[in-house]
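# Structure assessment
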Amino acid sequence: MASSTVSRTHPPRPAGRPAARPARRVRRHLPTSPWLFAAPGLLVTAVFVLYPFVSTVIDAFTDRRTLVPGHFVGLANFRELLHDDMFWTGLRNSVLYVAGTVPALVVLPLLLALLVRKNIPGITFFRSAFYTPVVASIVVVGLIWVWLLDERGLVNSLLQTIGVGRIGFLSDQWLLLVSAMAVTVWKGLGYYMIIYLAALAGVPRELHEAAAVDGAGAVRRFLTVTVPAVRSTMILVAALSSVAAFKVFSEVYLMAGPDGGPAGEDTTLVMLVQRTGTGLTGRVGYASAISLVVFAVTVILMLLVLRADRREDV
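Residues numbered from 1 in each chain as written. Predicted model: local features only at pLDDT ≥ 70, side-chain atom pairs only at ≥ 80, totals over all residues. Heavy atoms only, no water.

### Quick look at a nonpolar patch on the surface
Worth spelling out the cut-off: Patch membership needs two things, relative accessible area over 30% and no salt bridge, and members are linked within 9 Å if like-charged or within 5 Å if nonpolar (Val, Leu, Ile, Met, Phe, Trp, Tyr). Here, Shrake-Rupley sampling with a 1.4 Å probe gives the accessible areas, and only protein chains in the shown set may cover a residue. Just to be clear on terms, a salt bridge is a Lys or Arg side-chain nitrogen sitting within 4 Å of an Asp or Glu carboxyl oxygen. Numbering of helices and strands runs from the N terminus, with a helix taken as a DSSP run of H or I at least four residues long and a strand as a DSSP run of E at least two residues long.
On the surface, Phe-53, Val-54, Ile-58, Phe-295, Val-299, Leu-303 and Leu-306 cluster together to form a nonpolar patch covering roughly 630 Å² of accessible area. Looking at the nonpolar patch, the elements with two or more residues in it are α2 (33-59) and α14 (284-313). A per-element tally of the nonpolar patch places α14 first, with four residues. Counting through the fold element by element, Val-54 comes out in helix α2.

If you want it as structure tokens, here you go:
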């Protein structure tokens, strides 16, 4: 009787069928779990990005100095900017820097990427050589170019040897600015080349083959196939390089010196912020106002690039 009751309560398991595993309990995650993973990054962003930005905005409307707490002065710092000749000099140089470097950094890395994609003997060496300036320290790069372009440097020695004479690359106002632009372009070629290489990898080979069948040459294929295929990448490079060029500091500082070249005529806006807001008597409030202008112009540059991209899409 007991055996029959057991058999009815627990029927025998068919031969060859594994025993059923007990169901696992589904653990419910707390709603705050994703925020716990993001908390370290958010904390770093808040401390090193948001807090300095808010502090700069507040200081721009005060007369704060390095060791003196500031008082609210309203728009006095911005009104002073309108009558500051050095501010307009820095703004002019920063705008010229964007105009001089961005077109080169949009076109030259693309041509360089097309070159290094080819499988020719020794191309691996040139790929490494083109990318080496990117990983090199900007201080080391700046000092090397200063030694090269100095009045007694290698470049002037070669020019004097061939009878051209010495050229004041670092003493002339405009030549110094152009020399700094050349250093920026030379150092950024490898970085933007990598971005273009990633974009060119997604261009179908059939498009080039079809254009070649139609009789298109290398230049025509570049203009009608390559450029349209990487147009969005060119917009991205233009945006990145324009922002970096407007905020240039290291190249001009190393080549022109802390005074910004002859009579300070090669000073950029970021150099003016550093010069005005540092030191024991630094005008932190006035430097913060200049920083806000730099931020505003940077945002305008980004919006202009995005608007140009949308117009081409339409």
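Okay, back to it.
### Section: the environment of Ala-210
Definition in use: Between buried and exposed lies partly exposed: a residue is buried under 20% and exposed over 50% of the maximum accessible area for its type, with that area taken using a 1.4 Å probe on protein chains only.
Note that Ala-210 resides in helix α9 (residues 205-213). Overall, Ala-210 belongs to the partly exposed group, its relative accessible area being 41%. In sequence terms Ala-210 and Val-225 are 15 residues apart; their C-alpha atoms lie 10.0 Å from each other.

### What about the nonpolar core?
Here is the rule we go by: To form a nonpolar core, buried Ala, Val, Leu, Ile, Met, Phe, Trp, Tyr and Cys residues must be joined to one another through side-chain atoms within 4.5 Å. Here a residue-residue contact requires only that any non-hydrogen atoms of the pair lie within 4.5 Å.
By size, the foremost hydrophobic cluster in this structure holds 58 residues, and its most contacted members are Tyr-97 and Met-255. Those elements that place two or more of their residues in this core are α4 (85-116), α6 (138-149), α8 (173-200), α11 (231-246), α12 (250-256), α13 (269-277) and α14. Every residue in contact with Tyr-97, bar those within four places of it in the chain, is listed here: Leu-177, Ala-180, Met-181, Thr-184, Ala-245, Val-248, Glu-251 and Val-252.

### Some details on the packing of α8 against α11
Relative placement of two packed helices is described by the angle separating their axes and the distance separating the axes. Formally: To obtain an axis, a line is fitted to C-alpha atoms, over the contacting stretch when the element is a helix, and the angle between two such axes runs from 0 to 180 degrees between their N-to-C directions. An angle below 35 degrees is read as roughly parallel, one above 145 as roughly antiparallel, one from 65 to 115 as roughly perpendicular, and any other as oblique. The crossing is said to be left-handed when, going from far helix to near helix, the turn is anticlockwise and less than a right angle, and right-handed when the turn is clockwise. Under this grouping Gly is polar, as are all residues other than the nonpolar Ala, Val, Leu, Ile, Met, Phe, Trp, Tyr, Cys and Pro and the charged Asp, Glu, Lys and Arg.
The contact between α8 and α11 brings their axes to 10 Å, and the two run at 160°. When the interaxial angle is binned, α8 and α11 end up roughly antiparallel. Seen from above, α8 lies across α11 with right-handed handedness. Residues Tyr-192, Ile-195, Tyr-196 and Ala-199 of α8 touch α11, and the partners they reach there are Thr-233, Met-234, Val-237, Leu-240 and Ser-241. Grouping the constituent residues of the contact of α8 with α11 by class yields seven nonpolar, two polar and no charged.

### Observations regarding α6
Defined as follows: To estimate the expected span of a helix, count its residues, drop one, and scale the result by 1.5 Å. Here the arc refers to the directions that run from the helix axis out to each C-beta atom.
Between its terminal C-alpha atoms α6 stretches 16 Å, which fits the 16 Å expected from 12 residues at 1.5 Å a residue. Every buried residue belonging to α6 is among Val-141, Gly-142, Trp-145, Val-146 and Leu-149, and all of these are buried. All buried residues of α6 lie within an arc of 135° about the axis, which places them on one face of the element. For α6, the elements touching its buried residues are α7 (154-161), α8 and α12.

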